[in-house]
Amino acid sequence: APETTNGAPLSLYSTAVDEVGMDIYPGFIKGCDVSVEMVRLTALRGYYSEVLCADCTEFLEAAAVYGPCGGIGPAGHDLVLSADTFIYVGALRDTFEAASRALRPGGLFVFTAEEIPGNADDGGKGFMLRRDSGRYAHSEGYIRQLAGGSSFDIAVVSEGFVLRREEGCPIDGKIYILQKRNLF
């Protein structure tokens with residue numbers, strides 16, 4: 001069963017696989033990053049059957065068209081994993097819709113999202129560009145709205161997760177696990 005990853009921490013994902021010793025369907029893990037250097041470093045790890053320099057939404061659209069093994073046909077990916085990626089993307093509707101098209105019914109969309117600070121005003125959009133970091137944060141309500149509109153059920157929302165540290169300060173976020181609905 002294939003897996004698709006997208007976003008910045010490709011090499012971190014590879015390192016985690018290496019440290020845990022997971023035997024994950026060799027030859028069927030595909031990934032992308034917008035950074036040529038990250039793609040190069042990740043390819044050296046040898047865990048991915050394909051690593052592309054691409055925008056995550058475009059990458060997922062291609063995964064939906066070409067299916068899990070590269071052949072033309074319906075998508076059937078089991079997992080789309082995106083860790084600490086959406087801090088670079090504000091509006092996520094197209095990405096959610098592309099992930100839904102790339103996954104088989106029952107497939108999982110697992111990702112992290114930085115939380116909007118408690119009393120910050122997002123202007124009613126559900127996401128905001130943080131002035132202090134220049135990164136995007138997303139509200140849980142916005143994520144829930146997108147999930148429902150993209151044929152996903154929310155299976156898990158992990159609260160109080162530290163995504164990373166910036167200048168020694170924790171940056172809080174959430175881990176979301178969405179499952180694509182069986183539409184039949």
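In case you missed it, the structure is sitting above this.
Residues numbered from 1 in each chain as written. Predicted model: local features only at pLDDT ≥ 70, side-chain atom pairs only at ≥ 80, totals over all residues. Heavy atoms only, no water.

A. Looking closely at the pattern of salt bridges. Counted according to the given criterion, the structure contains 13 salt bridges. Here Arg-164 and Asp-84 are joined by a salt bridge, their closest N and O atoms 2.9 Å apart. Of this pair, Arg-164 sits in strand E8 (residues 152-166) while Asp-84 sits in the loop between strand E4 (77-82) and helix H4 (93-102), and the two are 80 residues apart along the sequence. No difference in accessibility class separates Arg-164 from Asp-84, as the two residues are buried. Of the charged contacts, one joins Arg-130 and Glu-114 as a salt bridge, the two residues approaching to 2.9 Å between their closest N and O atoms. (Salt bridge = Lys/Arg side-chain N within 4 Å of Asp/Glu carboxyl O. Helix = DSSP H or I, 4+ residues; strand = E, 2+ residues; numbered from the N terminus. Buried < 20%, exposed > 50% of the residue type's maximum accessible area, 1.4 Å probe, protein only.)

B. Highlighting the side chain of Lys-180. Relative to the elements of secondary structure, Lys-180 occurs in strand E9 (residues 169-180). Here Lys-180 occupies a buried position and makes no salt bridge, while the nearest side chain of opposite charge, Asp-78, is found at 11 Å. Engagement of the side chain of Lys-180 in a polar contact is seen with the backbone oxygen of Ser-100, the distance being 2.6 Å. Only 2.9 Å separates the side chain of Lys-180 from the backbone oxygen of Leu-103, close enough to count as a polar contact. Those residues in contact with Lys-180 that sit more than four places away from it in its chain are Ser-100, Arg-101, Leu-103, Arg-104, Pro-105, Gly-106, Gly-107, Ser-151 and Phe-152. (Lys, Arg positive; Asp, Glu negative; His and termini not counted. Polar contact = N/O pair within 3.5 Å; in protein donor to acceptor, adjacent residues only side chain to side chain. Contact = heavy atoms within 4.5 Å.)

C. Expanded view of the packing of aromatic side chains. Applying the stated criterion across every chain yields a total of nine aromatic pairs. Considering the side-chain rings of Phe-86 and Phe-109, the 6.3 Å spacing of their centres and the 75 degrees angle between planes classify their relative orientation as edge-to-face. One end of the pair, Phe-86, is in the loop between E4 and H4; the other, Phe-109, is in strand E5 (residues 103-114), with 23 residues separating them in the sequence. You'll find Phe-86 and Phe-109 in the same group, each marked buried. (Phe/Tyr/Trp six-rings, centres within 6.5 Å; stacked < 30°, edge-to-face > 60°.)

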